[in-house]
Amino acid sequence: MSPDFQNWASSCQARIETFLEARLPATDCVPERLHKAMRYSVLGGGKRVRPLLSFAAGELAGADFERVTVVAAAVELIHAYSLVHDDLPCMDDDILRRGKPTCHIEYDEATALLTGDSLQTLAFELLAEKSLADVPGTQLEMIAQLALASGSRGMAGGQAFDLDSVGKMLSLPELEFMHIHKTGALIRAAVMLGARCNSCLSNEQLARLDHFAKCVGLAFQVVDDLLDTEATTATLGKTAGKDAEHNKPTYVSILGISQARELAEKLQQDAYQALDGFNEAAVRLRQVTDFIIKRKF
C-alpha cells in the first residue's frame, strides 16, 4: 500500500470505529450481556473493506462525509451480523474470528443468534433516522437496496446455496452465481450506497459503478479462497483450511491455485475498466481494489 492510501484507509477505519462505538448500545444498558456481545462482535477488528468501498465511492460522487459514514456503518453492521451467524454450529461451526473466540464461544449460541439479529436491525435503524440523500425517495431506495442485498435474494440466499453445495462439484458459473449473492451482494451495496449519498451521478455512471462492484465482489471471494488454502490461521485471524475440511466447492478446488490467481487478476482489470471515464475521482476505488487483490489476510 502507498503511504497516501494507507493514511486515507487508516483515517476511514478510525472514523467508522468511532462511529460504531458511539452507536452500539453501551454495556451497562439492559440487556447488558447482549449489548456486550454486540460490541464484542463489531469493535476492534476486521479490515473494514466494505466501509472503505463506501467512502471511496462517496468520494467519487462528491458526497457528504457524514452521510457516507452512516451508510458505511450500516453495511458493516450487516457484515458483522453475517459473520456471527456464519460461525454458529448450525452453519460453519467455527471457533475463531478476527483473532479471537467467535461470539457463540465467548458467550453462548442463543446470545450469538440474538447478537446477529440485533446488529442487522441496528443497521436499518441507522439508515432510517437521518437524511442520507438529496431526495427522500432515493433514501428509501437505498434502504431497499441494503435489504435486498442482505436477504434471500442476496447474502442470505448465497449462504443457503453454499450450505446446499457442501460435498458437491459445482460448475464455474454455479460457483459465480453463489458468490455474486453470498459475498458480492453486500460489496455492491457498499459501493452503491456510498455513491448515492449524492445525486450527481447519471444512471449510466451508476451502472458502471455497479459493474465495478460486481467484479470486486467476485475478486474478493477468489482471493479469500486462495488465502484459505495458502495462509495460516495466525495470519487470517480465522481457521485456515476450513473449506477443504468441509468439502466446500471453491475457486481453488475448481480451477487450481494458478488459474484462480489469474481469475483474480482478470477481475481486477475488469473492475478498472468499469472506472474508465471517472479519471482521478476514482483513485480511491482503484486503490481499495488493489488492497483487496493483494491482501494477505
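Note: the structure precedes this text.
This text gives an overview of the structure that appears in the document. (Residues numbered from 1 in each chain as written. Predicted model: local features only at pLDDT ≥ 70, side-chain atom pairs only at ≥ 80, totals over all residues. Heavy atoms only, no water.)

As for the environment of Asp134
If you trace the backbone, Asp134 turns up in the loop between α6 (109-129) and α7 (136-150). Assessed through its relative accessible area of 45%, Asp134 is described here as partly exposed. A sequence separation of 66 residues divides Asp134 from Cys200, and the C-alpha atoms of the two residues are 9.8 Å apart. The residues contacting Asp134, other than those within four sequence positions of it, are Arg67, Asn198 and Ser199. Only 3.0 Å separates the side chain of Asp134 from the side chain of Arg67, close enough to count as a polar contact. (Helix = DSSP H or I, 4+ residues; strand = E, 2+ residues; numbered from the N terminus. Buried < 20%, exposed > 50% of the residue type's maximum accessible area, 1.4 Å probe, protein only. Contact = heavy atoms within 4.5 Å. Polar contact = N/O pair within 3.5 Å; in protein donor to acceptor, adjacent residues only side chain to side chain.)

A few points about unusual backbone geometry
A negative phi holds for most residues other than glycine; trans holds for most peptide bonds. Cis geometry is found at the peptide bond from Val30 to Pro31, where omega equals 0°. Checked against the element boundaries, Pro31 lands in the loop between α1 (3-23) and α2 (32-42). Positive phi, close to 55°, is recorded for Arg98, a residue that is not glycine. Looking at where Arg98 falls in the secondary structure, it is placed in the loop between β1 (96-97) and β2 (100-101). The exposure class of Arg98 is partly exposed, given its relative accessible area of 24%.

Notes on the nonpolar core
The biggest cluster of nonpolar side chains holds 70 residues, and the ones touching the most others in it are Trp8, Leu53, Leu77, Leu146, Leu209, Phe212 and Leu285. Non-local contacts of Leu53, meaning those with residues more than four positions away in its chain, are made with Ile187, Ala190, Val191, Phe212, Val216, Leu285, Val288 and Ile292. The next biggest cluster of nonpolar side chains, apart from the first, holds 19 residues, and it includes Leu175, Val222, Leu236 and Ile293. (Core = buried A, V, L, I, M, F, W, Y, C linked by side-chain atoms within 4.5 Å.)

Observations regarding the pattern of salt bridges
Tallied over the entire structure, the rule returns 23 salt bridges. When the shortest N-O distance is used, the salt bridge between Arg284 and Asp4 registers 2.8 Å. Of this pair, Arg284 sits in helix α16 (residues 283-294) while Asp4 sits in helix α1, placing them 280 residues apart in sequence. The buried category is assigned to Arg284, whose relative accessible area is 11%. The exposure class assigned to Asp4 is partly exposed, which follows from its relative accessible area of 42%. Salt-bridge contacts for Glu129 lead to Arg23; the nearest nitrogen and oxygen are separated by 2.3 Å. Of this pair, Glu129 sits in helix α6 while Arg23 sits in helix α1, and the two are 106 residues apart along the sequence. (Salt bridge = Lys/Arg side-chain N within 4 Å of Asp/Glu carboxyl O.)

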